[in-house]
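Take a look at the letters that make up each chain.
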Amino acid sequence: MKEQMTTTEQDAHDTVEAAIRSQLAKAFGGIRGVIEAAVPTAVFTVMWIATSRLQLSLIVSASTAVVLLAARLVQRSTPQYVINSLIGIGIGWFFASRTGEAKDVYLPGILYNAGYSVAMLISIVTRWPVVGFLIGSVTGDPTAWRSDPAVVKLCSRLTWLLMIPCVVRVAVQAPVYLIGGNDAVAELGILKIVMGWPLQIAALGAMVWLLARGRTPVRPAAS
């Protein structure tokens, strides 16, 4: 079954660029995935502004995510993006509950983006750009793409584009978090939404533009 799926994917994507575009579309989750990621954060921010009560704001935010998850399950569609949002809320809840600081709800996101930026930079420097593994998921061999310098170069450029939004988020949000205190909770919430999917979509647009310029053949894994 696995070999059959791999063959089907290779037939559908005869170029590296087409394969990456397809995998990126799955990873981003479409418009609904964007909304599901943003709504719980927006709810928490609005509740905090209205009540200044940390636990209540977290409960309402988490409840919103649970409702979105239930809707996915009822419709039997993938709950991946809601689950990711719910996990993020849970981690933020843990941080904020331990310190009593509402701003700490946003700390995991800042740390995640910082860590992700470092990991992607290391992958580029070592010539193992993370985007390359999207090709491996199509060809059936996770590392064969490294034998083609042109593919490695393309994947490095795409990884740079994927990394830029993470770097920008850390550069803007970290100073607000460190300097603003709980007075900056609203600003952090707004920044997380504004610099979340809009930046990611801009990066995706740049990646699609770059991918549209080339037609690098997909090389199936040797049997």
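It should be noted that the structure appears before, not after, this text.
Residues numbered from 1 in each chain as written. Predicted model: local features only at pLDDT ≥ 70, side-chain atom pairs only at ≥ 80, totals over all residues. Heavy atoms only, no water.

## Points about the environment of Val176
Topologically, Val176 is positioned in helix α8 (residues 149–180). Those residues in contact with Val176 that sit more than four places away from it in its chain are Gly181, Ala184, Glu187, Leu188 and Leu191. (Helix = DSSP H or I, 4+ residues; strand = E, 2+ residues; numbered from the N terminus. Contact = heavy atoms within 4.5 Å.)

## Concerning the nonpolar core
Counting 15 residues, the largest nonpolar core has Val131 and Leu158 as its most contacted members. Take this core: its biggest share by element is eight residues, from α8. Core analysis: the next-biggest nonpolar cluster, separate from the first, contains 14 residues, Leu54, Leu58, Ala174 and Val185 among them. (Core = buried A, V, L, I, M, F, W, Y, C linked by side-chain atoms within 4.5 Å. Buried < 20%, exposed > 50% of the residue type's maximum accessible area, 1.4 Å probe, protein only.)

## Focus: unusual backbone geometry
Of note in the backbone geometry, Ser52 takes a positive phi value of approximately 60 degrees without being a glycine. Following the sequence through the fold, Ser52 ends up in the loop between α3 (30–51) and α4 (54–75). On the accessibility criterion, Ser52 (49% relative accessible area) is partly exposed. With a phi angle near 55 degrees, Arg76 is a residue other than glycine that sits in the positive phi range. The residue Arg76 is located in the loop between α4 and α5 (80–99) in this model.

Remember that the coordinates give geometry; whether it matters functionally is a separate question.
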